[in-house]
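# Descriptive structure summary
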Amino acid sequence: MNAHGNAPSRTPQDLSESITGGVGESPSRPDGNLKVRGDYAYSSDLWAEDMLWGATLRSPHPYARITGIDIARALAYPGVYAVLTHEDVPGDNRYGLKITDQPVLAEDVVRFRGEAVALVAADHPETARRALELIAVDYEVLEPVTDPKRAAHDETLPKLHPDSGRENNLVRYQPIVRGRQDVTAEVVVSGTYTLGMQDQAFLGPESGLAIPAEDGGVELFLATQDLHSDRKQTARALGLPPDKVRMTMSGVGGAFGGREDLSIQVHVCMLAMHTGKPVKMVYNREESFYGHVHRHPAEMHFEHGATRDGDLVYVKARMYFDGGAYASKTPVVVGNATTLGTGPYEVPNVDIAGWGVYTNNPPCGAMRGLGAVQPAFAYEAQMDKLARALDMDPVELRQRNAVAQGSVLHTGQQLDYPAPVGELLERARKLPMPPERDPAAEPDIRDLPGGAANTTHGEDIARGVGYAAIIKNVSYAEGADDYSTARVSLQAVGGEAVAMVHTAAAEVGQGLVTVQQQIARTELGVERVNIHPNDTSVGEAGSSSASRQTYVTGGAVKAACEAVRETLFDRAAAALGHTPPDLAVVDGKLVSESHGVLADVVDVLGDGVIECTREYHHRPTYPLDPETGQSELVHVQHAFSVHRAVVDVDTQLGLVKVVALDCVQDVGKAVNPDAIVGQIQGGATQGMGLAVMEEIQVSDGLIRNPSFTDYLIPTILDTPPMKVDIIERGDPHAPYGVRGVGEPPTISAGPAVLAAIRAATGIDLTHAPAGPEHITGTAH
Amino acid sequence: MDFLRAASLDDALATKAQRPDIAPIAGGTDLMVGINFDHIRPSGLLDLTSVPELTEWSESGDVVRVGAGVPYARIISELGERLPGLAMAARTVASPQIRNRGTVGGNLATASPSGDAHPALLACDAEVELASTRGTRRMPVTEFFTGVKRNAAEPDELITAVHLPRATGPQQFAKVGTRNAMVISVCAFSVALHPDRAAVGTGFGSAAPTPRRAVEAEQFLSGELTSRGMWADPRPLPDTVVERFGELVAAACAPIDDVRGTASYRRHALGVLARRTVRWTWDEYSIGRQTCA
Ligand SMILES: Cc1cc2nc3c(=O)[nH]c(=O)nc-3n(C[C@H](O)[C@H](O)[C@H](O)COP(=O)(O)OP(=O)(O)OC[C@H]3O[C@@H](n4cnc5c(N)ncnc54)[C@H](O)[C@@H]3O)c2cc1C
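Just so we're clear, the structure is a prediction, and the values are computed from it rather than from any experiment. (Residues numbered from 1 in each chain as written. Chains lettered and ligands numbered in written order. Predicted model: local features only at pLDDT ≥ 70, side-chain atom pairs only at ≥ 80, totals over all residues. Heavy atoms only, no water.)

All names here are of chain B. Counted residue by residue, strand β12 (residues 187-194) has eight buried out of eight residues, so it is predominantly covered. Side chains C187, F189, V191 and L193 project from β12 onto one buried face, and the interleaved A188, S190, A192 and H194 project onto a second face that is buried too. Alignment of strand β11 (residues 171-176) against β12, held across six bridges, turns out to be antiparallel. Within β12, the position partnered with K175 by the bridge is A188. The pairing of β12 with strand β13 (residues 199-205) spans seven bridges and is classified as antiparallel. By the bridge assignment, A192 is partnered in β13 with G201. Between β12 and β13, which pair antiparallel one after the other, the connecting turn spans four residues, and A198 there sits at a positive phi close to 50°. (Buried < 20%, exposed > 50% of the residue type's maximum accessible area, 1.4 Å probe, protein only. Helix = DSSP H or I, 4+ residues; strand = E, 2+ residues; numbered from the N terminus. Pairing = 2+ DSSP bridges.)

Next up, the structure:
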């Protein structure tokens, strides 16, 4: 399957399996059975004859000056082939998604605990690990900057990136103001909300295999979210032209934003090029916690003013996002948080500001729902608080203020597509409730808070219900030229017309392979559609992030298929000698209403191949005014979801069992309804995890729980059955009317769960995750 | 690193005497994690899974001998009636996969304050059987835990079994974790009623440097039950007794703040667990309903 002669033995999966089903149906995933059987090859399974193993030496300090590195003993260790430091970086020792500020290997300073300092290649992973211990690095330890608010405002703190050109340790400051600023309201509620650092917790750790190529370049097989972004940054650091750095996607074991930034990419290529041998790198779980960015923790101050009737008058908000040592996606987090920070509500007067900062904490970047997750916890808590202050039903309050098509957001953008938030809330309220707990019945402890650990047999359990409605932007924003590329070919193979779709768009588990096949089947009227392995031999697809691939890559596949179809029609017309007006392809045949079946597609194709490559660019967006935050169209599309959570809380122990977590979401057009349900269930689980248990605990710049023993993610006993109600209000600007699906449920689930816990306990929980110590008042 | 498989106990003890630094391996669910993370680098592994003396349980008189290598899954399915507290504790350990491999011997050797078997062993006055080429000895489990992840076994000794009296009354085990399955305890508590000798046993985990008994709570409750004549004539436990029992358990602990929880939460939660579990055991005892764990 692989185009490269020296391909590793176990890389791409057989994704050519083609399952019936066009747009709107639910064909199952070609990789599904392999994954369930354990046969699927992930990037950590890569293997090449005679390969070496790479390992990374990381800083033990959050902030320190490097005064010397001695690699002699490590280099002399038997089995070691290379020990590399920043001096060996062939090109520019800097990379970064938005701001090029991160060294491939640290030079004179380390800015976070876990920063890469040196690399080793050895004949065995254990040998490489031993050799790391023999590298002597002298550090002069410095006082770390760990308070994000001080980092934003305190001029006395050291500047971690003195060349940044921004004041203090700012990465981005963005205010948005609209309406009157001196406004007052009859009813005012305020609160400060904090959010811990969440990890993507993808199960497949960072891994890849680099093979030096004869042309002086390198082939890299890896798991990533964006091949071309990786290639651009890697080539620059390697000092190679991009075409000498060829990347092929290997099996991705989850991503959720954590694979947008580079991890092993440059390191493993450097080792391969230095040793002239294939080199593999795989992080273990602990290293993975240091080796990728996390979700930005946040501190958010909100004030809502409303009339006594419940009409929102104003929202004021100040939000701080800790970006950690390097910028990564911090600018985007600030942009999303400020532009989405009022929630899916119409607010006439707004004064919002967001700060994203550098500190010596672990770097934070993209994670599912980036920048939208954080304020949702705050504005939805505020809406409930306001409902209580008004003595109004919380759903009614939300409906009263909900945006709709035609609404103008605080950026000045008018929603020129459906925005059925009121309808989503109404449907959520009407979903059937789970049965009440019967106190007389002998309970199955697994259904109670504490579950299998036998902490309650029904004592002290209170039930609560909570709602959350949220807004998320889809695709890249603020003026980015957002596009994807697809190459589609059609040819006759064994008497059957077979289409091949080739893109660089990463399948990270979301179901994009299936979507691409469905689109090609629908557009080309053929049954067999193969997916070419993702690589850099086709144009850019952009990242599998921002809920954008079905929209953007789906749009590119559709456009390429249409071009192929046009060519096919031209050929058919030439052969027929006339052009029937209403030509179509159905089940491998060219048909027209007026003339019936005209030809078999295979006959028109003959021995030839029709191949077309098309880019799809969504309509342009525009930047925010730096002072007022106004923009004609900052986001190409918004997506909306509503969650209703029902929880049982053990009020004495503070343990929680989420009983139901039901979702209503507008998806524009359900290209693959089953896959959408999967996205919503998975996304909701991740959001619920953030509400009740997931937090990377950082103190003094150090991660205290870098393992799955102590960074907990929900098990199936924590995850309730979920009713999912999908509605389709097509976006006229999007291919097929689709609306991004993957992120909204992650955003709405957590605030709904917290609202339900508050309803059950009456406690004003302000931190996510809410642990047992918060619920029982024993946090200190 | 060598991998040696012992065919018999003598074989295993001889190897351990010659190479005290070799790591015995039973289920491997602690050891392999340590090796994977490079926290330990033993010179070799001594596989105990084929040593019959370790992998079986037996009963003589009122005492059950559980081989150190009997996995949790078998304790749950085979010993629920004889040793309900230990079986309940076993049921809260990890996931089915880990319970198929993990053993009480491994739990004891690791001697973590959070080991789930420990509170149940403490509540039942278990004895730990240790063997070496020098001979076999038994010690009360209370003496076995000597510090955080430290135990009283000598370098040449293996843990061969635990001995527990067959249950004569209800027993309970409950553990708090921050998710509903597959979690290391934030704190755990076990209580056992021993009506045969009018005694109460307790054990708690993750709330002191070692697993411990709450001796004052035990004495208080057995004293109350005896003085009120309730062993022979069981009536509902007065709320004041339950409250006091909970307070004494909470007072017995010496927890710390760590990534899994705060000291103040642990103390509070142990009190709650103590009150609930003592009610469950007493209700079961007084109703006379012998439920299997
Ligand atoms: C995912 C996961 C979840 C877990 N969850 C829990 C949990 O909920 N509760 C809990 O208590 N534990 C838990 N553990 C820890 C572990 O499963 C238990 O401690 C288990 O009892 C260890 O038993 P083992 O047979 O696997 O020990 P091994 O890993 O084989 O050995 C552990 C230690 O004991 C030594 N050893 C083993 N047998 C003997 C012997 N007979 N004599 C002397 N030394 C010996 C070994 O050398 C090693 O030092 C978990 C572990 C994992 C990986």
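Before going further, it helps to examine the sheet that holds strand β24 (residues 637-650) of chain A. All names here are of chain A. Here four strands make up an open sheet; going across it, the order is β16-β24-β25-β28 and the pairing mixed. Looking at which strands have only one partner, the edges of the open sheet turn out to be β16 (461-474) and β28 (724-727). Adjacent strand axes in the sheet meet at a mean angle of 20°, parallel and antiparallel pairs treated alike. The pairing of β16 with β24 spans 14 bridges and is antiparallel. Counted as the bridge partner of A462 is V649 from β24. Strands in contact with helix α11 (residues 421-430) are β16, β24, β25 (655-666) and β28; relative to β24, the strand with the most contacts, it is inclined by about 25°. (Axes fitted to C-alpha atoms, helices over the stretch in contact; angles between N-to-C directions. Contact = heavy atoms within 4.5 Å.)

So, on to the site of the ligand. Residue and element names in this part refer to chain B. Among the 32 residues in the neighbourhood of the ligand, the closest are listed as P24, T29, D30, Y72 and T103. A distance of 2.6 Å separates an oxygen atom of the ligand from a polar side-chain atom of Y72. Between an oxygen atom of the ligand and a side-chain N or O atom of T103, the distance comes to 2.6 Å. Among the elements of the structure, β2 (23-25), α2 (31-36), α7 (104-110) and β10 (158-165) are those that each provide at least two residues to the shell around the ligand. The residue makeup of the shell around the ligand includes at least three contributed by each of domain 1 (1-47) and domain 2 (171-287). (Near = heavy atom within 4 Å. Polar contact = N/O pair within 3.5 Å; in protein donor to acceptor, adjacent residues only side chain to side chain. Domains from an automatic or database assignment.)

We now examine the UniProt feature "domain: Aldehyde oxidase/xanthine dehydrogenase a/b hammerhead" (unreviewed entry) in chain A. The UniProt record marks residues 37-143 of chain A with the feature "domain: Aldehyde oxidase/xanthine dehydrogenase a/b hammerhead" (unreviewed entry), using the residue numbering of this structure. Counting secondary structure, residues 37-143 of chain A comes out at 14% helix and 32% strand; the distance between its end C-alpha atoms is 50 Å. (UniProt positions renumbered as here; feature names shortened; annotations may be inferred.)

Moving on, we come to the UniProt feature "domain: FAD-binding PCMH-type" (unreviewed entry) in chain B. Annotation from UniProt places "domain: FAD-binding PCMH-type" (unreviewed entry) at residues 1-169 of chain B. In the segment residues 1-169 of chain B, helix accounts for 36% and strand for 27%; the C-alpha atoms at its two ends are 47 Å apart.

The next subject is the interface of chain B and chain A. Listed by partner, the interface residues are 34 residues for chain B and 42 residues for chain A. Roughly 3100 Å² is buried in total at the junction of chain B and chain A, and carbon and sulfur atoms are behind 50% of that figure. Run the count over chain B and chain A and you get six salt bridges. A salt bridge links R276(B) to D460(A), with the nearest nitrogen and oxygen atoms 2.8 Å apart. For the interface between chain B and chain A, the tally reads 22 residue pairs in polar contact (both at pLDDT 80 or more). Listing elements by their share of the side of chain B that touches chain A, those giving two or more residues are α2, α5 (84-92), β11 and α12 (263-287) of chain B. (Buried area = accessible area lost by both parts, 1.4 Å probe. Salt bridge = Lys/Arg side-chain N within 4 Å of Asp/Glu carboxyl O.)

Okay, the confidence of the model for chain A next. All names here are of chain A. Confidence along chain A averages 95 in pLDDT terms, with 97% of residues attaining 70 or more. Across residues 1-5 the pLDDT falls below 50, and counting only partners more than four positions away or on other chains, this stretch makes eleven contacts in the model. Low pLDDT, under 50, characterises residues 8-18; the stretch is placed with 40 contacts to residues that sit more than four places away or in other chains. (pLDDT = per-residue confidence, 0-100.)

The next thing to look at is the domain arrangement of chain A. Often, the extent of an interface is quoted as the loss of accessible area upon association of its parts. Residue and element names in this part refer to chain A. Here the domain parsing of chain A yields domain 1 (44-143 + 205-252 + 259-290), domain 2 (298-477 + 623-775) and domain 3 (483-617). Using only C-alpha atoms to locate each centre, domain 1 and domain 3 end up separated by 39 Å. Listed per partner, the contact involves 13 residues of domain 1 and 15 residues of domain 3. Summing both sides of the interface, domain 1 and domain 3 together bury roughly 1100 Å²; the carbon and sulfur share of this comes to 54%. Contact with domain 3 buries area across many residues of domain 1, yet Q225, H228 and M249 alone supply 47% of it, more than any other trio.

Residues and elements named next belong to chain A. It is the contact of helix α15 (residues 673-692) with helix α16 (residues 744-761), at a shortest axis distance of 7 Å, that shows an interaxial angle of 45°. The orientation of α15 with respect to α16, classified from their angle, is oblique. Seen from above, α15 lies across α16 with right-handed handedness. In contact with Q679, I680, G683, A684, Q686, G687, M688, A691 and V692 of α15, α16 contributes P745, T746, A749, G750, V753, L754 and I757. In terms of residue class, the contact of α15 with α16 is built from ten nonpolar, six polar and no charged. (Parallel < 35°, antiparallel > 145°, perpendicular 65-115°, else oblique. Left-handed = near helix turned anticlockwise from the far one by under 90°. Nonpolar A, V, L, I, M, F, W, Y, C, P; charged D, E, K, R; others polar.)

What follows concerns the confidence of the model for chain B. A low pLDDT score tells you not to read the predicted coordinates there in detail. Residue and element names in this part refer to chain B. Overall, the prediction assigns chain B a mean pLDDT of 96, with 98% of residues at 70 or greater. Scored below 50 in pLDDT, residues 289-293 shows nine contacts in the model against residues more than four places distant or in partner chains. Confidence metrics for the complex model read pTM 0.96 and ipTM 0.96.

This part is about the nonpolar core. Residues and elements named next belong to chain A. Counting residues in each nonpolar core, the largest one holds 86 residues, and the members touching the most others are F302, L661, V753 and I757. Looking at which element gives the most residues to this core, the answer is helix α9 (residues 373-390), with ten residues. Excluding anything up to four places from it in sequence, I757 contacts V647, V649, V656, V692, G762, L765 and I775. (Core = buried A, V, L, I, M, F, W, Y, C linked by side-chain atoms within 4.5 Å.)

This next bit is on the packing of helix α12 (residues 512-524) of chain A against helix α13 (residues 549-576) of chain A. Residue and element names in this part refer to chain A. For the pair α12 and α13, interaxial distance at closest approach is 9 Å and the crossing angle is 30°. The angle between the axes of α12 and α13 places the two elements in the roughly parallel class. Pair α12 / α13 crosses with right-handed handedness. Counting all contacts with α12, which are made through L512, V515, Q516, I519, A520, E523 and L524, the residues of α13 involved are Q549, T550, T553, G554, V557, K558, C561, E562, V564 and R565. Looking at the contact of α12 with α13, its residues break down into eight nonpolar, five polar and four charged.

Here we come to the domain arrangement of chain B. Structurally, chain B comprises domain 1 (1-47) and domain 2 (171-287). Between the C-alpha centres of domain 1 of chain B and domain 2 of chain B the distance comes to 36 Å.

In an α-helix there are 3.6 residues to a turn, and that puts residues three or four apart on one side. All names here are of chain A. With twelve residues, helix α5 (residues 227-238) should reach 16 Å at 1.5 Å per residue; the first-to-last C-alpha distance of 16 Å fits that figure. Burial analysis of α5 places ten of its twelve residues in the buried class, the great majority of the element. Those residues of α5 not exposed but buried are L227, H228, S229, D230, R231, Q233, T234, A235, A237 and L238. The inward-facing, buried residues of α5 abut β10 (218-222), β11 (245-249) and α6 (265-275). At the N-terminal boundary of α5, the capping side chain belongs to D226, with an oxygen 3.2 Å from the backbone nitrogen of H228. A positive backbone phi angle near 70° is found at G239, which sits one or two residues after α5. (Expected span 1.5 Å × (residues − 1).)

Residue and element names in this part refer to chain B. Counted under the stated rule, the structure contains 14 aromatic pairs over all chains. Their ring planes at 70° and their centres at 6.2 Å tell us that F189 and F245 sit as a pair that is edge-to-face. Here the residue F189 occupies a position in strand β12, and F245 occupies one in helix α11 (residues 239-252), the gap between them amounting to 56 residues. The exposure class of F189 is buried, given its relative accessible area of 0%. The class for F245 is buried, based on a relative accessible area of 0%. Plain terms: the ring middles of W282 and Y285 are 5.1 Å apart, the flat faces sit at 45° to each other, and that makes the pair tilted. With a gap of three residues between them, W282 and Y285 both fall in helix α12, about one helical turn apart. (Phe/Tyr/Trp six-rings, centres within 6.5 Å; stacked < 30°, edge-to-face > 60°.)

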